[in-house]
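# Descriptive structure summary
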Amino acid sequence: MIKTEKINQNIDWVQVTDCLPVEKKTLKKDYQLTNEMLYYALDRHERPRLEYYEEEQLLLIIFDVAEPTRFSGDISSEPIGIILRDTTLFTFTADKTNFVNPLIRSLIDKLPDVQRDNLKPLDVVLKTLYQLAIQFF
């Protein structure tokens, strides 16, 4: 599923959850994302890392988030993908990690209007990664 949302004049948020092949085609056509970028962002076995694509002016972040399992007290991790390009913020989640999108929404909603209006994609990413790291630890 692809859901788009305009946060402010600086941020267009594209939420991609459990991406289907037809949606990959849409992301490539409408947003000029390459097969390589999508492969990394959607691979549930991808290692956490940060990679900058100079030619595309694009930042790819793979980040492991804590995903509670059915075993009491046991925690495993699953990767999420984040891509930043200009004013567009892409989040790539699966069913298990889709809690990240409501977390982002709540972080944005809690900000005073003046701060929300001036947010940039990297601001959202850093606030989100901080909260996800706290959850993990």
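Summary of the structure given here. (Residues numbered from 1 in each chain as written. Predicted model: local features only at pLDDT ≥ 70, side-chain atom pairs only at ≥ 80, totals over all residues. Heavy atoms only, no water.)

Once that is clear, we can look at the side chain of Asn 8. Mapped onto the secondary structure, Asn 8 falls in strand β1 (residues 2–8). Among the polar contacts listed, one links the side chain of Asn 8 to the backbone nitrogen of Asn 10, at a separation of 2.6 Å. A polar contact of 3.1 Å, which involves the side chain of Asn 8, links it to the backbone oxygen of Leu 119. Setting aside residues no more than four positions away along its own chain, Asn 8 makes contact with Arg 116, Asp 117, Asn 118 and Leu 119. (Helix = DSSP H or I, 4+ residues; strand = E, 2+ residues; numbered from the N terminus. Polar contact = N/O pair within 3.5 Å; in protein donor to acceptor, adjacent residues only side chain to side chain. Contact = heavy atoms within 4.5 Å.)

The interhelical angle for the contact between helix α3 (residues 100–109) and helix α5 (residues 121–136), taken along N-to-C directions, is 120°, at an axis separation of 10 Å. Compared by their axis directions, α3 and α5 come out oblique. α3 and α5 meet at a crossing whose hand is right-handed. Contacts between α3 and α5 pair Val 100, Leu 103, Ile 104, Leu 107 and Ile 108 from the former with Val 124, Lys 127, Thr 128, Gln 131, Leu 132 and Gln 135 from the latter. A class-by-class count of the residues in the contact of α3 with α5 yields seven nonpolar, three polar and one charged. (Axes fitted to C-alpha atoms, helices over the stretch in contact; angles between N-to-C directions. Parallel < 35°, antiparallel > 145°, perpendicular 65-115°, else oblique. Left-handed = near helix turned anticlockwise from the far one by under 90°. Nonpolar A, V, L, I, M, F, W, Y, C, P; charged D, E, K, R; others polar.)

Everything listed is a geometric property; what it means functionally is a separate question.
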